[in-house]
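Coordinate inspection notes
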Amino acid sequence: MRYLLLSSIFILFSLSIQAQKIQVLDQKGQFPIDGVAVFNDDKSKSGITDFDGYIDISDFSNSDMLTFQHISHTKKTVQKSAILAANNIVYLSTDTSSLDEVVLSVSKFGQNEKDITQSIVSINSEDITFKNPQTSADLLQSTGQVFIQKSQLGGGSPLIRGFSTNRLLIAVDGVRFNTAIFRAGNVQNVISIDPFAIDRTEVILGPGSVVYGSDAVGGVMNFYTKKPSFSFEDGMSFTGNATARYATANQEKTGHFDFNIGLKEWAFLTSATYSDFDDLRMGKYGPDDYLRNQYVVTENGVDTVVPNDDPLVQNATGYNQINLMQKVRYMPSEKWDFNLGLFYTTTSDYPRYDRLIRPDGEGLRSAEWYYGPQEWLSGNIQARNKAYNNGLFDESVATLSYQRFKESRNDRDFQDPTLFTTEELVNAYTAAIDFEKDFNKAKINYGVEYVYNKVGSEGKKTDITTNISSPDASRYPDGSTWQSAAAYTSAQITLAENLSFSTGVRYNHILVDAEFDLDLFDLPFSEANINTGALTGSAGLAWQASPILGWKANFSTAFRAPNIDDVGKIFDSEPGSVVVPNPDLKPEYAKTGEIGVNLNFSDAVKIDVTSYYTVLDDALVRRDYALDGVTEIEYQGELSNVQAIQNAAKAEVYGIEIGAEINFSEALQLTSHYNITDGYEEDDAGDRNPLRHAAPHFGTTHLIFKQDKWKLDAYGIYNSKFDFEDLAPSQQSTDYIYAQDIDGNPYSPSWYTLNISGEYAFTDALKLNVSLENITDQRYRPYSSGIAAAGRNLIMAVNYSF
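The structure reproduced in this document is the subject of the present report. Bear in mind the structure is a predicted one, so any value in this text is a computation, not a measurement.

Turning next to the overall build of the protein. Helix and strand counts for the protein come out as eight helices and 54 strands. Split into buried and exposed, the 802 residues of the protein put 53% on the buried side. Within the structure as shown, the protein displays about 33700 Å² of accessible surface, and the carbon and sulfur contribution to it stands at 55%. Side chains of the protein give 65 positive and 105 negative charges; the mean places of these two sets differ by 6 Å.

Take the environment of Thr421 next. With respect to the element layout, Thr421 can be found in strand 33 (residues 418-438). A relative accessible area of 6% means that Thr421 is categorised as buried. The spatial distance from the C-alpha of Thr421 to the C-alpha of Arg475 is 9.2 Å, given a sequence separation of 54 residues. Reaching out from Thr421, the side chain makes a polar contact with the side chain of Asn410 at a distance of 3.0 Å.

Attention shifts here to a negative patch on the surface. A cluster of acidic side chains, namely Glu423, Glu458, Asp478, Asp517 and Asp519, defines a negative patch on the protein surface. Here Asp478 shows up in the loop between strand 35 (468-472) and strand 36 (480-496). Taking relative accessible area as the criterion, Asp478 reaches 49% and is therefore assigned partly exposed.

This part covers the packing of aromatic side chains. If you walk through the whole model with that rule in mind, you get 27 aromatic pairs. A ring pair is formed by Trp336 and Phe338, whose centres lie 5.5 Å apart and whose planes are at 5°; its orientation type is stacked. Exposure remark for Trp336: the relative accessible area of 36% places this residue in the partly exposed category. Centre to centre, the rings of Tyr738 and Tyr783 are 6.5 Å apart; their planes meet at 40°, and the pair counts as tilted. Of the two residues, Tyr738 sits in the loop between helix 8 (729-732) and strand 50 (739-740) while Tyr783 sits in the loop between strand 53 (766-773) and strand 54 (793-801), which places them 45 residues apart along the sequence. Each member of the pair Tyr738 and Tyr783 is classed as buried. Ring pairs connect the aromatic residues Phe238, Phe257, Phe259, Tyr800 and Phe802, which therefore count as one cluster. A cation over a ring is seen here: Arg161 above Tyr612, with NZ or CZ 4.2 Å from the ring centre. Geometry around Phe130 places Lys711 over its ring, the cationic atom sitting 4.2 Å from the centre.

With that settled, the discussion passes to the sheet that holds strand 3 (residues 46-48). A sheet is described by the order of its strands in space; here four strands give the open sequence 3-2-5-6, paired in antiparallel fashion. Each having just a single partner strand, strand 3 and strand 6 (73-79) make up the two edges of the open sheet. Direction aside, neighbouring strands of the sheet carry axes that sit 15° apart on average. One ladder, built from five bridges, connects strand 5 (residues 65-70) with strand 6; its direction is antiparallel. Counterpart to Phe68 in the pairing with strand 6 is Lys76.

On to the environment of Tyr370. The topology assignment puts Tyr370 in strand 30 (residues 366-371). In this structure Tyr370 comes out as partly exposed when scored by relative accessible area, which is 21%. Spatially, the C-alpha atom of Tyr370 lies 8.1 Å from that of Tyr353, the residues being 17 residues apart in sequence. Contacts of Tyr370, omitting those with residues within four sequence positions, involve Asp349, Tyr350, Pro351, Arg352, Ser408, Arg409, Asn410 and Leu419.

Counted according to the given criterion, the structure contains 36 salt bridges. Asp434 is paired through a salt bridge with Lys108; the nearest N and O atoms lie 3.8 Å apart. Linking Asp434 in strand 33 with Lys108 in the loop between strand 8 (102-103) and strand 9 (111-112), this pair joins segments that are 326 residues apart in sequence. The class for Asp434 is buried, based on a relative accessible area of 4%. By relative accessible area, which is 16% here, Lys108 ends up buried. With its nearest N and O atoms 2.9 Å apart, the salt bridge here joins Arg384 to Glu395. Of this pair, Arg384 sits in strand 31 (residues 375-386) while Glu395 sits in strand 32 (residues 395-413), and the two are eleven residues apart along the sequence.

This part is about the sheet that holds strand 1 (residues 21-26). Pairing is mixed in the open sheet, where three strands are placed in the order 4-1-7. Across the chains shown, the open sheet's two edge strands, defined by having one partner strand only, are strand 4 (54-56) and strand 7 (89-92). Averaged over all neighbouring strand pairs, the angle between strand axes comes to 30°, with direction disregarded. Note: strand 1 against strand 4, three bridges, orientation antiparallel. Directly across from Gln23, in strand 4, lies its bridge partner Tyr54.

Here we come to the nonpolar core. Judged by nonpolar contacts, the single largest core of 99 residues is most densely connected at Phe223 and Phe521. Here the element with the most residues in this core is strand 45 (residues 638-663); it accounts for seven residues. Discounting residues that sit within four places of it in the chain, Phe521 has contacts with Ala473, Ile570, Val580, Leu627, Ile633 and Tyr635. With 14 residues, the next largest nonpolar core counts Ile55, Val78, Val90 and Leu92 among its residues.

Moving on, we get to the environment of Thr462. Along the chain, Thr462 turns up in strand 34 (residues 442-463). With sequence-adjacent residues up to four places away left out, Thr462 is seen in contact with Pro417, Thr418, Leu419, Asn467, Ile468 and Ser469. Here the side chain of Thr462 touches Ser469 through a polar contact of 2.6 Å, side chain to side chain.

Let's shift gears to the pairing of strand 54. The pairing of strand 18 (residues 237-247) with strand 54 spans seven bridges and is antiparallel. When the bridges of strand 54 are listed, Asn241 appears paired with Ser801. Sheet topology places strand 53 next to strand 54; eight bridges connect them, and they run antiparallel. For Leu768, the partnering residue across the bridge sits in strand 54 and is Val798.

So, on to a nonpolar patch on the surface. A cluster of nonpolar side chains, namely Met236, Phe238, Leu263, Trp266, Tyr800 and Phe802, defines an oily patch on the protein surface of about 620 Å² accessible area. Looking at Phe238, the relative accessible area reads 46%, which means it is partly exposed.

Time to look at unusual backbone geometry. The omega angle of the peptide bond from Asn315 to Ala316 is 5°, so this bond is cis rather than trans. One can find Ala316 in the loop between strand 24 (313-314) and strand 25 (319-333). Of note, Asp708 is a non-glycine position whose phi angle comes to about 55°, a positive value. Looking at where Asp708 falls in the secondary structure, it is placed in the loop between strand 48 (698-707) and strand 49 (710-719). Positive phi is not limited to glycine here, since Asp777 has a value of about 60°. Mapped onto the secondary structure, Asp777 falls in the loop between strand 53 and strand 54. Residue classification places Asp777 among the buried positions, given a relative accessible area of 10%.

The rules we used
Residues numbered from 1 in each chain as written. Predicted model: local features only at pLDDT ≥ 70, side-chain atom pairs only at ≥ 80, totals over all residues. Heavy atoms only, no water. Helix = DSSP H or I, 4+ residues; strand = E, 2+ residues; numbered from the N terminus. Buried < 20%, exposed > 50% of the residue type's maximum accessible area, 1.4 Å probe, protein only. Areas by Shrake-Rupley, 256 points an atom, 1.4 Å probe, with all protein chains shown as cover. Lys, Arg positive; Asp, Glu negative; His and termini not counted. Charge placed at Lys NZ, Arg CZ, Asp CG, Glu CD. Polar contact = N/O pair within 3.5 Å; in protein donor to acceptor, adjacent residues only side chain to side chain. Patch = residues over 30% accessible without salt bridge, like charges linked within 9 Å, V, L, I, M, F, W, Y side chains within 5 Å. Salt bridge = Lys/Arg side-chain N within 4 Å of Asp/Glu carboxyl O. Phe/Tyr/Trp six-rings, centres within 6.5 Å; stacked < 30°, edge-to-face > 60°. Lys NZ or Arg CZ within 6 Å of the ring centre and 35° of its normal. Pairing = 2+ DSSP bridges. Axes fitted to C-alpha atoms, helices over the stretch in contact; angles between N-to-C directions. Contact = heavy atoms within 4.5 Å. Core = buried A, V, L, I, M, F, W, Y, C linked by side-chain atoms within 4.5 Å.

Below you can see the structure in the form of structure tokens.
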């Protein structure tokens, strides 16, 4: 009898405990919602729903009012006793204003796009699969809101709102990708990021210095890579994807696979991609100035200029690349989420095509000009905690990261036996912790960050006839360092149901230390040291005046601190000029104001218009320079004009971004984007010149049809003309990359392409994607690019998911 009584008590206790376990479901879809924060009024007790939407609420008293909060659902508060009386189920309604519009990059935590006061461009994994970009640079270009410049096939330098390279910031999983040697010219580092590994890309159009610090002047490009998935139940799950792709314009052959192993608390994701690109073929119809009529071959140490059998083929542009990613995820409870990311990318040698086509009389100036393998090795670990315990924060993310960037440059003049080589290695370390605190009508974010870069640089010259090498001037001072320490705070405040206010402030301190080897390059100084700080801030309003009309306004300041490339670089910027170090530099500052309006007519027609104006003070620009009173020196055997990076200009940039979406039906949609950027750079003498990185007006228009197993996209890409007077002086002097007008001056012609893409799903697992780009076979070269774009290009890809 006693055992029966004890058994009954145990069963009743178990049922009581089980009765305290509730499930949170989406009201419309009836699916479980994971990651819902549940807390009482004073947040003294809290919890997070698991992957199946369950949470144990036995710690709460029956009289407690429980609040259920989720980023994509409407907040709900209900008494515990009422939940138990309703079969232990809580339903949350989807917040339709935030559906599919959760933005991570503005605060490093999820925010509804309707509350964000800046313009954001988002690309999800489904878009990436359909667009089939060869590189991440092509992925950015496909948005129609980021302009891409290419000096060679293995490249892609983004231009956003008149800024480029080290005035834009790239981040991978929230970790700074820019290094201390990002230059003011064009960079191609973004191609190290594998499009197949990306889950989502967010581009902030405009400043982002409050959260990201130095360099985030014109925009921020944040690439979020795929995360491992758990099994959601006991046992193991195994899923994966395999893709094969071929393109005719450069004979691209790409193979990719990824697979995921999921357990209940552990998950593993492996991804690998290999691409091989041959020389790129340009279009048939366009300026003859772009034709590759001749090139250099070297046999037995002798350089000879030979005619190109097919001038449409840009010899030499081919290269290959491999991308590897390994992810490990551990989630011991609903409150802790640990993520480890390991990345390795490398290329073969790849030619710098714009240098190989430089003329020298009737011949060519360079016999060789190529980059060595571009390597990126990265390891980062992030620990995310959802506390909700009435403490100083409700959610936090701690990040530790190590990155190694390796690159080299190799060049040799025609019929010159000396091959000059510089090799660079940057070790980059990042430590950061970010917090978010939720209040009833506000969210507060704050955090600290430390970044340390150490630059290794060596130079040598090699006689190709004897293969004997000797030391030469390095591109950067070997062993130089760049450090950044920062703290920031920001707030998003709901002033009314349809009105939110955002603000933030950041202080950054920068240290630069460089020592020069005077035995290899004679300078009037032996070191450069910069110790400076920068205070930036932002404030903005988002107002949904009516269901049809919405407004956004924002004012931000941003800065770029001098880096090792600014302070210590030695290189030939253009024929007859050499850039030398300058230790007397200070940060440049930008002030940006923007206002946007969006119209939404019952989701049938949507129109977005944003205008912006930026003033950049103390701009770091390349100008003529006197090195200890000397304005010309001999560099690599050539008498060269001396130049240096200097705080010697002011820039003003202004523009308009226009977007439209027309939904004719659930199956048929028209979208269009058009971008207008203008401005000027004014030096200390009062002379005004066009901005180098202000792109011509450009845009895209897509007509998209989706039904059943089909998706079709017929689209056009178009770009306006830059006359000779519109080109910056640095572009006017590189006339060999441009077409010639009737007066013999360089200019960038307008161009367009017509394209069509289609996808057919044979099954849920097997998809075929076919695209025909540049159908009319136009020959064009995007502004400032050294390589002509692809001609008619057939792309075929097969994807299988298992």
